[in-house]
Amino acid sequence: MKAGFIGLGNVGGKLAGSLLRNGNALRVHDLDPQLVAAFVARGAEDGGTPAAMMRDCDVVITCLPSPAASAAVMDEMLPEMGPGKIWMEMSTTDAEEVLRIGAEVAATGGVAVECPVSGGCHRAATGNISIFAGGPRSAVEAVMPLLKHLGRRILHTGELGTASKLKVMTNYLATVHLVALCEALTTMKAAGLDLATTYEAIRISSGTSFVHETESQLILSGSRDVNFTMDLIMKDIGLFQKLADTGGVPLEFSPMLIEIMADGQRRCGDRAQSDRIIERLEEATGLAIRADGFPMTLVDDEAEEEGYEILRTARPSTAAQ
């Protein structure tokens with residue numbers, strides 16, 4: 001299967017690197033020619049334009065920063081699509097937009113699969129990230145060899161659009177955890193607790209989370225560089241709020257979360273690292289939320305292995321008889 005990858009940024013570059021590292025022949029494209037050149041030096045081919053990528057490849061993967069960017073790339077690729085061609089969308093994007101473009105892809109005889117990832121840039125770099133795959137079962141099976149090199153745990157979520165909805169939900173939850181941890185750490189500091197001890201207390205308790213075990217370390221070290229920016233957070237939680245509005249769900253946390261992150265952007269800059277949201281509370285209290293012994297960067301020390309599909313298991317019904 002001839003594969004192409006468009007979008008070699010913070011996440012895309014790491015995902016494309018996993019394909020290359022695992023022996024997949026790869027053509028690449030990015031608006032930044034230096035990123036393309038770096039991949040060519042590692043053994044990839046310069047794919048030229050998006051249209052040329054789709055013409056020359058069986059499957060083209062996109063991992064781009066916004067729905068608008070994906071739409072622009074797809075406008076170039078659609079004339080080259082047809083039977084046997086597959087578009088894999090790995091961006092975190094709007095489910096409605098995935099469905100719109102997916103219908104255009106289907107009209108050519110091609111197939112669309114959405115494959116957003118979750119787990120952080122450090123796990124994208126090692127091929128240990130999780131992947132949600134939405135689309136026809138036959139299409140997911142066709143790209144499964146690539147998915148097993150891109151990530152560790154792969155969940156087929158259902159039809160096209162389901163993966164994008166679940167991805168923005170997980171990013172919403174991660175942002176809730178991040179803001180809650182900022183409040184918890186600051187409150188413990190104000191109460192006179194040692195923050196290294198506080199970190200361990202959270203880690204071994206019911207209060208822990210993936211976000212705590214990764215991002216809290218970067219907050220405490222002072223790095224505050226999780227390789228994910230506030231503008232991307234705002235895009236994702238905004239998409240989650242859109243889903244709730246469409247479904248008529250009167251959310252309470254979500255609007256507050258959007259305002260908190262918007263305030264963080266006003267203070268730190270639109271593209272500031274998301275972990276810098278702690279600085280709102282540092283400024284308000286005059287406290288430094290830091291502790292010795294924590295890393296400046298996250299490293300995934302789990303050994304890389306071929307990915308596998310997560311199969312949903314039947315659970316006993318709890319419905320009233």
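Residues numbered from 1 in each chain as written. Predicted model: local features only at pLDDT ≥ 70, side-chain atom pairs only at ≥ 80, totals over all residues. Heavy atoms only, no water.

## Comments concerning helix 11 (residues 230-247)
Because an α-helix completes one turn every 3.6 residues, residues spaced three or four positions apart along the sequence face the same direction.
So, step 1. When the terminal C-alpha atoms of helix 11 are compared, their 26 Å separation across 18 residues agrees well with the 26 Å that a helix rising 1.5 Å per residue should span.
So, step 2. Residues of helix 11 that are buried: M230, L232, I233, K235, D236, I237, L239, F240, Q241 and A244.
So, step 3. Considering only its buried residues, helix 11 is in contact with helix 4 (67-77), helix 8 (162-190) and helix 12 (253-268). (Helix = DSSP H or I, 4+ residues; strand = E, 2+ residues; numbered from the N terminus. Expected span 1.5 Å × (residues − 1). Buried < 20%, exposed > 50% of the residue type's maximum accessible area, 1.4 Å probe, protein only. Contact = heavy atoms within 4.5 Å.)

## A short note on the pattern of salt bridges
So, step 1. As enumerated under the stated definition, the model contains 25 salt bridges in all.
So, step 2. Taking the shortest distance from any N to any O, the salt bridge between E302 and R123 comes out at 3.0 Å. In this pair, E302 sits in the loop between helix 13 (278-285) and strand 10 (308-310) while R123 sits in helix 6 (residues 121-124), placing the two residues 179 residues apart along the sequence.
So, step 3. Relative accessible area serves as the criterion here: at 13%, R123 is assigned to the buried category.
So, step 4. Among the ionic pairs, D263 bridges to R266, the shortest N-O distance being 3.6 Å. Placement of both D263 and R266 in helix 12 is noted, with a separation of 3 residues, approximately one turn of the helix.
So, step 5. Taking the relative accessible area as the measure of exposure, D263 reaches 13% and is therefore buried.
So, step 6. A cluster of three or more residues bridged by salt bridges with shared partners is formed by E259, D263, R266, R267, R280 and E283. (Salt bridge = Lys/Arg side-chain N within 4 Å of Asp/Glu carboxyl O.)

## Quick word on the packing of aromatic side chains
So, step 1. Counting across every chain of the model gives 2 aromatic pairs.
So, step 2. When the centroid spacing of 4.1 Å and the interplanar angle of 15 degrees are considered together, the rings of Y172 and F240 count as stacked. Within this pair, whereas Y172 is found in helix 8, its partner F240 is found in helix 11, the two being separated by 68 residues in sequence.
So, step 3. What makes Y172 buried here is its relative accessible area of 10%. (Phe/Tyr/Trp six-rings, centres within 6.5 Å; stacked < 30°, edge-to-face > 60°.)

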